[in-house]
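A structural walkthrough
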Amino acid sequence: MEIEVVDRTRAAYQTGRSRPLQFRLQQLRALRRLLSEHEATISAALKQDLNKSHFNAQLFELIGVETEIALALDKLSEWAAPRPVQKNLLSMLVDAYIQPEPLGVVLIIGAWNYPWALTLKPLVGAIAAGNAAVVKPSEITQHSANLLKELLPQYLDKELYPVVTGGASETQELLRQRFDHIFYTGSSAVGKLVMEAAARHLSPVTLELGGKSPCYVDKDCDLAVASRRITWGKFTNCGQTCIAPDYVLCEPAIQDRLLQEMQRTLQEFYGDDPRTSPDYGRIVSERHFDRLITLMDDCSVALGGQSDRSELYIAPTILRDVDPSCRLMQEEVFGPLLALVTVNGVDDAIRFMNDREKPLAIYVFSSSKKVIKKVLAETSSGGVTVNDVMMHYTLSSLPFGGVGQSGMGRYHGRHTYDQLSHLRACYVTSPALESFNKARYPPLSHGRLRKARCCLQTWLCSCARASILWVALSSILALGLLVALLVILFKDTSK
Amino acid sequence: MMVQVFRVLVLPVLLYDCETWTPMGSSVSSMEIEVVDRTRAAYQTGRSRPLQFRLQQLRALRRLLSEHEATISAALKQDLNKSHFNAQLFELIGVETEIALALDKLSEWAAPRPVQKNLLSMLVDAYIQPEPLGVVLIIGAWNYPWALTLKPLVGAIAAGNAAVVKPSEITQHSANLLKELLPQYLDKELYPVVTGGASETQELLRQRFDHIFYTGSSAVGKLVMEAAARHLSPVTLELGGKSPCYVDKDCDLAVASRRITWGKFTNCGQTCIAPDYVLCEPAIQDRLLQEMQRTLQEFYGDDPRTSPDYGRIVSERHFDRLITLMDDCSVALGGQSDRSELYIAPTILRDVDPSCRLMQEEVFGPLLALVTVNGVDDAIRFMNDREKPLAIYVFSSSKKVIKKVLAETSSGGVTVNDVMMHYTLSSLPFGGVGQSGMGRYHGRHTYDQLSHLRACYVTSPALESFNKARYPPLSHGRLRKARCCLQTWLCSCARASILWVALSSILALGLLVALLVILFKDTSK
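Residues numbered from 1 in each chain as written. Chains lettered and ligands numbered in written order. Predicted model: local features only at pLDDT ≥ 70, side-chain atom pairs only at ≥ 80, totals over all residues. Heavy atoms only, no water.

Chain A has the name Aldehyde dehydrogenase in an unreviewed UniProt entry, where Paramormyrops kingsleyae is given as its organism.

**Some words on the overall build of chain B**
Of the regular secondary structure elements, chain B holds 18 helices and 17 strands. For the C-alpha atoms alone, the extent of chain B along its principal axes is close to 80 × 75 × 55 Å. Relative to its 525 residues, chain B shows a buried fraction of 62%. Expressed as a percentage of contacts within chain B between residues at least 6 apart in sequence, the contacts between residues at least 24 apart total 72%. Carbon together with sulfur atoms contributes 57% to the accessible area of chain B, which is approximately 19700 Å² in total. Taken as two groups, the 55 positive and 54 negative side-chain charges of chain B have centres that lie 12 Å from each other. (Helix = DSSP H or I, 4+ residues; strand = E, 2+ residues; numbered from the N terminus. Buried < 20%, exposed > 50% of the residue type's maximum accessible area, 1.4 Å probe, protein only. Contact = heavy atoms within 4.5 Å. Areas by Shrake-Rupley, 256 points an atom, 1.4 Å probe, with all protein chains shown as cover. Lys, Arg positive; Asp, Glu negative; His and termini not counted. Charge placed at Lys NZ, Arg CZ, Asp CG, Glu CD.)

**A closer look at the packing of aromatic side chains**
The full count for this structure, using the stated rule, is 24 aromatic pairs over all chains. Measuring from ring centre to ring centre gives 4.8 Å for Phe183(A) and Tyr411(A), while their planes differ by 75°; the resulting arrangement is edge-to-face. With Phe183(A) in strand β5 (residues 181–185) and Tyr411(A) in the loop between β16 (407–408) and α14 (414–419), this pair connects stretches of sequence that are 228 residues apart. Residues Tyr441(A) and Trp262(B) carry aromatic rings whose centres are separated by 6.3 Å and whose planes lie at 80° to one another, so their mutual orientation is edge-to-face. With Tyr441(A) in the loop between α15 (434–437) and α16 (446–457) and Trp262(B) in helix α10 (residues 253–265), this pair bridges two chains. For Tyr441(A), a relative accessible area of 1% translates into the label buried. We classify Trp262(B) as buried; its relative accessible area is 4%. An aromatic cluster is built from Phe60(A), Trp232(A), Phe269(A), Tyr270(A), Tyr280(A), Tyr313(A) and Tyr471(B), whose rings are joined through pairwise contacts. The ring of Phe382(B) has Arg386(B) sitting right over it, with the charged end atom 3.7 Å from the ring centre. A cation over an aromatic ring shows up here: Arg470(B) above the ring of Trp232(A), its NZ or CZ 3.6 Å from the ring centre. (Phe/Tyr/Trp six-rings, centres within 6.5 Å; stacked < 30°, edge-to-face > 60°. Lys NZ or Arg CZ within 6 Å of the ring centre and 35° of its normal.)

**Thoughts on the interface of chain B and chain A**
If you look at the interface, chain B gives 124 residues, while chain A gives 123 residues. Carbon and sulfur atoms make up 63% of the surface buried where chain B meets chain A, a total of about 10900 Å² over both sides. Interface area lost by chain B to chain A is led by Leu232(B), Tyr457(B) and Arg470(B), which between them contribute 7%. Applying the counting criterion to the chain B and chain A interface returns ten salt bridges. (Buried area = accessible area lost by both parts, 1.4 Å probe. Salt bridge = Lys/Arg side-chain N within 4 Å of Asp/Glu carboxyl O.)

**Considering the pairing of strand β13 (residues 367–372) of chain B**
Residue and element names in this part refer to chain B. Where burial is concerned, most of β13 is hidden: five out of the six residues are buried. Bridge count for strand β8 (residues 277–280) against β13 is four bridges, and the pairing is parallel. Within β13, the residue paired with Cys280 across the bridge is Thr372. Of the strand pairs in this sheet, strand β12 (residues 347–350) and β13 are connected by three bridges, and their pairing is parallel. Along β13, the bridge assignment pairs Thr347 with Leu367. (Pairing = 2+ DSSP bridges.)

**Section: empty space enclosed by the protein**
Here the structure, examined in full by the defined rule, presents twelve cavities of 30 Å³ or more. If you add up the space inside the largest cavity, you get close to 520 Å³. Lining of the largest cavity is provided by 32 residues; of these, Leu59(A), Phe60(A), Tyr393(A), Thr394(A) and Leu486(B) occupy positions nearest its centre. At the level of elements, α4 (54–80) and α5 (117–128) of chain A together with α16 (464–467) and α17 (476–487) of chain B are the ones that each hand at least two residues to the lining of the largest cavity. When residues in the lining of the largest cavity are grouped by element, the largest group, seven residues, is from α4(A). The residue inventory of the lining of the largest cavity, partitioned by class, reads 19 nonpolar, eight polar and five charged. Lining the lining of the largest cavity are residues from two domains, each supplying at least three of them: domain 1 (2–209 + 414–422) and domain 2 (214–397) of chain A. Within this model, the second largest cavity holds a volume of roughly 80 Å³. In terms of lining residues, the second largest cavity is bounded by Leu90(A), Val94(A), Tyr427(A), Thr429(A), Ser430(A), Leu433(A), Phe436(A), Asn437(A), Arg259(B), Asp418(B) and Met421(B). Residue composition of the lining of the second largest cavity, by class: six nonpolar, three polar and two charged. (1 Å grid on protein atoms, 1.4 Å probe; cavity = no way out; pocket = protein on both sides within 12 Å on 5 of 7 lines; lining within 4 Å. Points joined across faces, edges and corners; volume = space filled by probe spheres on them. Nonpolar A, V, L, I, M, F, W, Y, C, P; charged D, E, K, R; others polar. Domains from an automatic or database assignment.)

**Overview of helix α12 (residues 346–354) of chain A**
Residue and element names in this part refer to chain A. What α12 keeps buried is the set Val346, Ala349, Ile350, Phe352 and Met353. Down the axis of α12, the smallest arc covering the buried residues is 160°, so these residues share one side. The elements touched by buried residues of α12 are β7 (214–217), β8 (247–250), β13 (337–342), β14 (361–365) and α13 (369–378). (Arc of directions from axis to C-beta.)

**A short note on the UniProt feature "active site" (unreviewed entry) in chain A**
All names here are of chain A. Under the UniProt annotation, "active site" (unreviewed entry) lies at Glu208 and Cys242. These annotated residues cover 35 residues of sequence, and their C-alpha atoms lie no more than 8.9 Å from one another, placing them together at a single site. In this structure, the largest cavity is lined, among the annotated residues mentioned, by Cys242. Residue Glu208 is classed as buried on the basis of its relative accessible area, which comes to 3%. Every residue in contact with Glu208, bar those within four places of it in the chain, is listed here: Phe183, Tyr184, Thr185, Gly186, Phe400, Gly401, Ser406, Gly409, Arg410 and Tyr411. Structurally, Cys242 can be placed in the loop between α9 (223–235) and β8. Discounting chain neighbours no more than four positions away, the residues touching Cys242 are Asn113, Leu209, Ser213, Glu332, Phe334 and Leu360. (UniProt positions renumbered as here; feature names shortened; annotations may be inferred.)

**Observations concerning the domain arrangement of chain A**
All names here are of chain A. Examined at the domain level, chain A breaks down into domain 1 (2–209 + 414–422), domain 2 (214–397) and domain 3 (430–490). Distance between the C-alpha centres of domain 1 and domain 2: 30 Å. Domain 1 puts 18 residues into the contact, and the matching count from domain 2 is 18 residues. Taken together, the two surfaces of domain 1 and domain 2 that pack against each other cover about 1600 Å², and 52% of this comes from carbon and sulfur. Contact with domain 2 buries area across many residues of domain 1, yet Asn51, Trp112 and Tyr114 alone supply 28% of it, more than any other trio. For the interface between domain 1 and domain 2, the tally reads zero salt bridges. Our count for the domain 1 to domain 2 interface comes out at nine residue pairs in polar contact (both at pLDDT 80 or more). Contributions of two or more residues to the side of domain 1 that touches domain 2 are made by α3 (39–50), α4 and α5. The biggest single contributor to the side of domain 1 that touches domain 2 is α4, with four residues. Classifying every residue of the side of domain 1 that touches domain 2 gives eight nonpolar, six polar and four charged. (Polar contact = N/O pair within 3.5 Å; in protein donor to acceptor, adjacent residues only side chain to side chain.)

**A closer look at the sheet that holds β13(B)**
If you trace the ten strands from one edge of the open sheet to the other, you get β1(A)-β2(A)-β17(A)-β15(B)-β14(B)-β7(B)-β8(B)-β13(B)-β12(B)-β9(B), paired in mixed fashion. Across the chains shown, the open sheet's two edge strands, defined by having one partner strand only, are β1 (83–84) of chain A together with β9 (330–333) of chain B. Both strand β7 (residues 244–247) of chain B and strand β14 (residues 391–395) of chain B contribute to a ladder of three bridges, which runs parallel. Bridging from a neighbouring strand, Val247(B) pairs with Phe395(B) of β14(B). The sheet contacts of α10(B) involve β7, β8, β12, β13 and β14 of chain B, and relative to β13(B) the element is tilted by about 140°. (Axes fitted to C-alpha atoms, helices over the stretch in contact; angles between N-to-C directions.)

**Side note on the nonpolar core**
Counting 345 residues, the largest nonpolar core has Leu123(A), Tyr216(A), Val217(A), Leu153(B), Tyr246(B) and Val247(B) as its most contacted members. Excluding residues within four positions of it along the chain, Tyr216(A) makes contact with Leu249(A), Glu251(A), Val343(A), Gly345(A), Val346(A), Ala349(A), Met353(A), Tyr363(A), Val364(A), Phe365(A), Val371(A) and Val375(A). (Core = buried A, V, L, I, M, F, W, Y, C linked by side-chain atoms within 4.5 Å.)

**Some points on the pattern of salt bridges**
Oppositely charged side chains can pair when the atoms bearing their charge come close. By the definition in use, this model includes 69 salt bridges over all chains. Connected via shared salt-bridge partners are Arg228(A), Arg229(A), Glu268(A), Asp388(A), Glu464(B) and Arg470(B).

**Structural notes on the side chain of Ser451(B)**
Residues and elements named next belong to chain B. Inspection of the secondary structure puts Ser451 in strand β17 (residues 451–458). On the basis of relative accessibility, which here comes to 8%, the residue Ser451 falls in the buried class. For Ser451, the side chain forms a polar contact with the main-chain oxygen of Tyr447, separated by 2.6 Å. Excluding anything up to four places from it in sequence, Ser451 contacts Glu131, Leu133 and Ala159.

**Structural notes on the state of the cysteines**
Every disulfide links exactly two cysteines, by a covalent bond between their sulfur atoms. Per the stated rule, a full pass over the model turns up zero disulfides over all chains. Free of any disulfide, Cys242(A) has its nearest neighbouring cysteine sulfur in Cys238(A), separated by 15 Å. For the unlinked cysteine Cys329(B), the closest cysteine sulfur is that of Cys356(B), found at 3.1 Å. For Cys329(B), a relative accessible area of 15% translates into the label buried. (Disulfide = S-S within 2.5 Å.)

In structure tokens form, the structure reads like this:
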């Protein structure tokens, strides 16, 4: 079945109908209508899958996709246009530019924690770039997967953007087929398998993976605000967010205060019993529930710790004085368990972070520019938010992605468009400039070499420089004329 | 199960000789492991990161090239019979240009890159910060052993990485010379050279790198990517393919022939972006042949064997491969060869059948197939029936034909009315698509490819009121606010400066007019 679907998608792509800008815009508008017309059913599916409230579904899933669609609709003609490049002397009269082109058939493998956002955001970019796409939502969030399978063909071209549901074996079968790009969101372990499969067809990949995203809280910071923001990021979607602050590093002296503030914030966000709060989620499956309970085993629970398997409920839990060797610190938590690990200042925190794999995100809370600068300079991560958590995800002009074990490639906004395009180098010259070329033809000589070197190494003023020059000149001219005018008017009035 | 399937598929393939496709014995050496470990330790000292250090290393590399021009040329002469001038033009000038550009632009490339903001991030510092990746593996190719190994190295150094350099063992003199010279100019531990053959390369590929930059064949490219997958190392694969050249009946045939001949027979056709074969209508085939014959005479004289500018085939294995390719085709020009000299004359074959051997693999030699087609649509169909190549060439005076070919085909790059020139402009990203590769480099593109472009969002505790909309307990009102803040974009820098240019120009014009009016009134009084 998977082979048929991929073949049909490729045949549909080869008709060329996904390429015209009008078609892409029309598909994007259709997708936008899908989201607005089915807001309620999508929310209902998310409630069943992850106990996401209607508002959470909006804020964390749908608004993000809407923003991407709006941006693509607005900017598509700009993104798809030829992009001129700076020229050297040799190419002075040549038309040199980068032409974005579709890649072909893209495979999008979504994740379960944000089943709509993490599947549809890449799809927006794929459509915008003129590709066809096979969409494989995660089977773990079944209601969302089935709903997507039912809805997408009602709005989008059925053959160009088919939805394939199923589990591991369907995914493996898909991965045996040839794609022009594979976009995978999920774990590093499976990421390796995806890349190995892609290698057999030389398919480029974007891997949005995970890791343990550390959060360093400096003793010199606004602790109340820090706690609030960390609490928000950590317990949203029950900690099941790839860029959730996984654990906190802080000095022993502030640990107690941090705990107090977090306790206060939890009370404010979710009330006395988070189980009854409409904004507090649930663990996605029994397997993950059991995994998380085990992680808590060898640690000291300072707050929370209650759980109920029948409801897949785990209370917001904070653990203190966590030992780096305990189970909780060996794998990405991906749940509502926040470990507080004590360190002796920023150098110790940096060392701790660098002893581990590069994470998807690093967070720093500090009022000291010096501390912030140090952490940024001496660590690496996919992205970084300072004095807040997860916010670099919300600004689509920032490229979102990992590095090292946390992934490769990036997306959001124009970055998705570029990632799912081929940026073709185009050099358009004419037969007329044959004299320029003499230097390169045999029989070669010193004279010819000298000419070639000169032509290749002399750069023409770039557009950016030219416009800065024009801005400066016209501003000076305007100023000069204003002065002259005032002088003359002054002379006039004084006569 | 998936893990098992792929272990079964990946492991045996890694034990194959990359060049000859024969199984290898397990002659595992720990030398490669030591070298990589030492390089990583050197990288972790942090000394490759300061801009001053990078600039100093780049200047040293530049000195290496200028001080050893003669010895490098000599090595290239022994490896590929490259003349001194060819070595300069096709290898060294290119690397010099990259170094000069990096020296000039490094502070700009390495600086934080501000991004456009939305209402929510209005008071936030949001930018992209380029950072080094760590330890890069550069596997060079044999056809341009200096350029294809050193150009990536320039980018690796500029981006603040360490790099293990593995030149191709096929061009032995160049590999040995590089191994001898590089440590005399660059930091020995940060940029070691590892020589050796397939087993050394395989051993290197088992180690963990932060990026692998490979130039070579698609077959080995797959193995490199599979090996990289085990460590989740990103890759840049500069591969090959059959780069077609469509010659429209409506073009300057003399100039086209000249340029195609130049591109095809440079380095004896052993160039990844050489025009592999020509597509043209039967009516112009004869004239094309005549012009090419004339050009060959002009370039290489009566006997190319005696021309200092005409190269040789790199090895006996490739020589034999090329001779076989000629077998089932009709030679219109050339065809002479001499195995003892690894010499094959510039050869053009006409009316080549698409099913013959010559059309089944990348030629990578001085054999140019002329394949007849019935116009541009037929040519496009022919190209699209095959894998996306590294380059496509079109010769035509008709803008319509050019536009059609560009719109209806895909390739790594394209040069219109010439060949290979998109390679020479480093502001153009150079790389393949599909089977011809992934990733791109040259100029700033190498820098970006070998960097991590980290998203940075620096806010302050003070803006807590902005954040209220996102905190539970959520409500319609909070949602509305959040939506508005996320979806309202601030005027970008580009727009702002266009606005300023327009305003100040209008103001200047207005004031000029006012001034002239006043002066006129003055003089008429």
